[in-house]
Amino acid sequence: MSNLLTFAFDKIKAKIKDDCIEENIGASERVLSVIAGGFILGLGVKKLFKSPLTGISGLTLGGTLIYRGVTGHCDVKKMLEDKDVKKVEVIEHRYFVK
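Residues numbered from 1 in each chain as written. Predicted model: local features only at pLDDT ≥ 70, side-chain atom pairs only at ≥ 80, totals over all residues. Heavy atoms only, no water.

**What about the overall build of the protein chain?**
Basically, it comes down to this: A run of H or I in DSSP becomes a helix once it reaches four residues, and a run of E becomes a strand once it reaches two; helices and strands are each numbered from the N terminus. Contacts are assigned to residue pairs with any non-hydrogen atoms lying within 4.5 Å of each other. Note on areas: Shrake-Rupley, 1.4 Å probe, and residue coverage restricted to the protein chains presented here.
Secondary structure summary: the protein chain contains 4 helices and 0 strands in total. Reading the protein chain from its N end, one meets helices and strands in the order α-α-α-α. When contacts within the protein chain are restricted to residue pairs at least 6 apart in sequence, long-range pairs at least 24 apart make up 56% of them. Summing over all exposed atoms, the protein chain offers an accessible surface of approximately 8500 Å²; the carbon and sulfur share of this is 65%.

**What to know about a nonpolar patch on the surface**
Here is the rule: To count toward a patch, a residue needs a relative accessible area above 30% and no salt bridge. Like charges then connect within 9 Å, nonpolar side chains (Val, Leu, Ile, Met, Phe, Trp, Tyr) within 5 Å. Any carboxyl oxygen of Asp or Glu that lies within 4 Å of a side-chain nitrogen of Lys or Arg is treated as forming a salt bridge with it.
Together, Leu5, Phe9, Ile12, Leu32 and Ile35 make up a nonpolar patch on the protein surface, roughly 470 Å² of accessible area in all. When residues of the nonpolar patch are traced back to their parent elements, those giving at least two are helix 1 (2-19) and helix 2 (27-46). Here the element with the most residues in the nonpolar patch is helix 1; it accounts for 3 residues. Along the polypeptide, Phe9 turns up in helix 1.

**Some thoughts on the packing of helix 2 against helix 3 (residues 52-71)**
Applicable threshold: In this description, a line fitted to the C-alpha atoms serves as the axis of each element, helices being fitted only across the stretch in contact, and the angle between N-to-C directions of two axes falls anywhere from 0 to 180 degrees. Roughly parallel means an angle under 35 degrees; roughly antiparallel, over 145; roughly perpendicular, 65 to 115; everything else is oblique. Definitions for this section: a left-handed crossing has its near helix turned counterclockwise from the far helix by less than a right angle. A right-handed crossing has that turn clockwise. Gly is put with the polar residues, along with every residue not named as nonpolar or charged; the nonpolar set is Ala, Val, Leu, Ile, Met, Phe, Trp, Tyr, Cys and Pro, and the charged set is Asp, Glu, Lys and Arg.
Taken N-terminus to C-terminus, the directions of helix 2 and helix 3 make an angle of 160 degrees; their axes are 7 Å apart at the nearest point. Considering the angle they form, helix 2 stands roughly antiparallel to helix 3. With respect to the hand of their crossing, helix 2 and helix 3 are arranged in left-handed fashion. Seen from helix 2, the contacting residues are Glu29, Arg30, Ser33, Val34, Ala36, Gly37, Gly38, Ile40, Leu41, Gly44 and Val45; seen from helix 3, they are Gly55, Gly58, Leu59, Leu61, Gly62, Gly63, Leu65, Ile66, Arg68, Gly69, Val70 and Thr71. Broken down by class, the residue content of the contact of helix 2 with helix 3 amounts to 10 nonpolar, 10 polar and 3 charged.

**Considerations on the pattern of salt bridges**
Short version of the rule: Residue burial is assigned from relative accessible area. The probe radius is 1.4 Å, only protein chains are included, and a residue is buried under 20% of its type maximum, exposed over 50%, and partly exposed in between.
A full pass over the atoms with the stated rule returns 2 salt bridges. The partner of Arg68 in a salt bridge is Glu29, with the nearest N and O atoms 2.6 Å apart. In this pair, Arg68 is assigned in helix 3 and Glu29 in helix 2, connecting sequence segments 39 residues apart. Across the pair Lys77 and Glu29 runs a salt bridge whose closest N-O atoms are separated by 3.2 Å. Residue Lys77 is found in helix 4 (residues 75-80), and its partner Glu29 is found in helix 2; the two are separated by 48 residues along the sequence. Classification of Glu29 by relative accessible area gives partly exposed; the value is 28%. Connected through shared salt-bridge partners, Glu29, Arg68 and Lys77 make up one network.

**Some details on helix 2**
Rule in force here: A helix is expected to reach a length of 1.5 Å times the quantity of its residues less one. The arc under discussion is defined with respect to the helix axis, by the directions toward the C-beta atoms.
Taking 1.5 Å of rise per residue, 20 residues should cover 28 Å, and helix 2 covers 29 Å from first to last C-alpha, within 8% of that figure. Here helix 2 has its buried residues at Ala27, Arg30, Val31, Ser33, Gly37 and Gly44. What you see down the axis of helix 2 is that its buried residues fit within an arc of 155 degrees, all on one side. Of the exposed residues in helix 2, those oriented more than 90 degrees away from the buried face are Leu32, Phe39 and Lys46.

Spelled out as structure tokens, the structure:
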């Protein structure tokens with residue numbers, strides 16, 4: 001059973017890797033994003049009529065994770081890894097020094 005799962009994950013990762021043009025997240029992270037997004041999307045649909053705010057939040061987050069996994073591009077990660085950001089030095093000044 002373990003060999004079958006390993007084979008399936010390797011095939012999925014290879015297919016995802018071949019289809020992506022501009023990616024900034026890895027294949028395993030993409031697979032996990034799609035799986036987690038599908039789970040959260042399903043919970044959002046289930047809770048949509050009982051608790052609309054929770055349901056809409058789940059739909060939004062799940063859809064975003066699925067989109068991130070399918071496209072392989074994450075704008076948040078791109079902004080965090082941006083190398084053109086100026087370095088900022090923080091100087092601490094203590095007002096109440098005895």
